[in-house]
Amino acid sequence: GLRKKEVNVLCLGLDNSGKTTIINQLKPANHPNHLGPLSEEWKHVSQTQAQEIVPTIGFNIEKFKSSSLSFTVFDMSGQSRYRSLWEHYYKESHAIIFVIDSSDKLRMVVAKEELDTFLNHDDIRGKKMPVLFFANKMDLRDAMSSVKVSQMLGLENIKDKPWHICASNAIKGEGLQEGLDWLQDLIK
Ligand code: GTP
Ligand code: MG
């Protein structure tokens, strides 16, 4: 049959890192085929919508399809009071997108703490699910490089799962496709 494989993706990361902005860029409503993703008009629409994004309360569920996969994305709130919700979705997830604000040096240690808690969770440790990191907000002047972010988070210590890090600018949509291509190749 031609039914697409169903994939649950869990989107994690601190509040204000850009999770919802990234998911919004991936949604079909933002990719009207008749305009094409690179047209000026589309960029304008996309940037307007990005600016209107508000902090997520709890979580949102978004669905979109690629050529071979049907994605259900759980866009979690990164606010500390909601982070306890994350673990309830670990078991049913097939892949993780973990978003980091590359310009937020002060909270990089908090991001590492949350990442380590996630990696050591009973439902996650030893599980071969791919983890895609977006070193987001690369457009900001004081953003760290993806290599630096990777070092600060200790990503080289992740041995039990495939992982990949991409620098991204979620407002312009830059770097997102590269990441998604990597994820898709591992899942399909
Ligand atoms: P929570 O829902 O609170 O967990 O936050 P979030 O991770 O979903 O962040 P959100 O997508 O709401 O983005 C937070 C702010 O960062 C918004 O004002 C976005 O416009 C902005 N933002 C997101 N991505 C980028 C980026 O790549 N560059 C810049 N300069 N700003 C960005
Ligand atoms: Mg959000």
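Residues numbered from 1 in each chain as written. Chains lettered and ligands numbered in written order. Predicted model: local features only at pLDDT ≥ 70, side-chain atom pairs only at ≥ 80, totals over all residues. Heavy atoms only, no water.

K.L.:
Where do I start with the coordination of the magnesium ion (ligand 2) in this structure?
P.N.:
In a perfect tetrahedron of four donors around a metal, the angles come out at 109.5 degrees. In a perfect octahedron of six, they are 90 or 180 degrees. Listed as protein donors to the magnesium ion (ligand 2) are Thr20 (OG1) and Thr56 (OG1); their distances from the metal cover 2.0 Å. Residue Thr20 is located in helix α1 (residues 19-26), and its partner Thr56 is located in the loop between α2 (40-51) and β2 (59-65); the two are separated by 36 residues in the primary sequence. The two residues Thr20 and Thr56 agree in class, both being buried. (Donors = N, O, S within 2.8 Å, 3.2 Å for Na, K, Ca; no water. Helix = DSSP H or I, 4+ residues; strand = E, 2+ residues; numbered from the N terminus. Buried < 20%, exposed > 50% of the residue type's maximum accessible area, 1.4 Å probe, protein only.)

K.L.:
Got a minute to help me understand empty space enclosed by the protein in this structure?
P.N.:
Where empty space is left in the structure can be found by rolling a water-sized probe over the atoms. All told, the structure shown has 2 cavities of 30 Å³ or more when counted by the stated rule. As for the largest cavity, its lining consists of Leu14, Asp15, Asn16, Ser17, Phe98, Val99, Ile100, Asp101, Asp104, Arg107, Met108 and Ala111. Counting only elements with at least two residues in the lining of the largest cavity, the list comes to β4 (95-101) and α3 (108-119). When residues in the lining of the largest cavity are grouped by element, the largest group, 4 residues, is from β4. Each residue belonging to the lining of the largest cavity can be placed in one class, and the counts come to 6 nonpolar, 2 polar and 4 charged. (1 Å grid on protein atoms, 1.4 Å probe; cavity = no way out; pocket = protein on both sides within 12 Å on 5 of 7 lines; lining within 4 Å. Points joined across faces, edges and corners; volume = space filled by probe spheres on them. Nonpolar A, V, L, I, M, F, W, Y, C, P; charged D, E, K, R; others polar.)

K.L.:
Sorry if this is basic, but what is going on with the side chain of Ser103 here?
P.N.:
Relative to the elements of secondary structure, Ser103 occurs in the loop between β4 and α3. Within the structure, Ser103 has its side chain in polar contact with the side chain of Asp101 (distance 2.7 Å). In contact with Ser103, other than residues within four places in its own chain, are Leu140, Asp142 and Ala143. (Polar contact = N/O pair within 3.5 Å; in protein donor to acceptor, adjacent residues only side chain to side chain. Contact = heavy atoms within 4.5 Å.)

K.L.:
How should the site of ligand 1 be read in this particular structure?
P.N.:
By nearness alone, 21 residues border ligand 1, and Lys19, Thr21, Thr56, Gly78 and Asp139 come closest of all. Here a nitrogen atom of ligand 1 and a side-chain polar atom of Asn136 are 3.0 Å apart. Surface burial for ligand 1 is 87%, taken as the share of its 660 Å² of free accessible area covered by protein chains. More than half of the atoms of ligand 1 fall within 2 Å of the grid points belonging to the second largest pocket. (Near = heavy atom within 4 Å. Areas by Shrake-Rupley, 256 points an atom, 1.4 Å probe, with all protein chains shown as cover. Sits in = over half its atoms within 2 Å of the grid points.)

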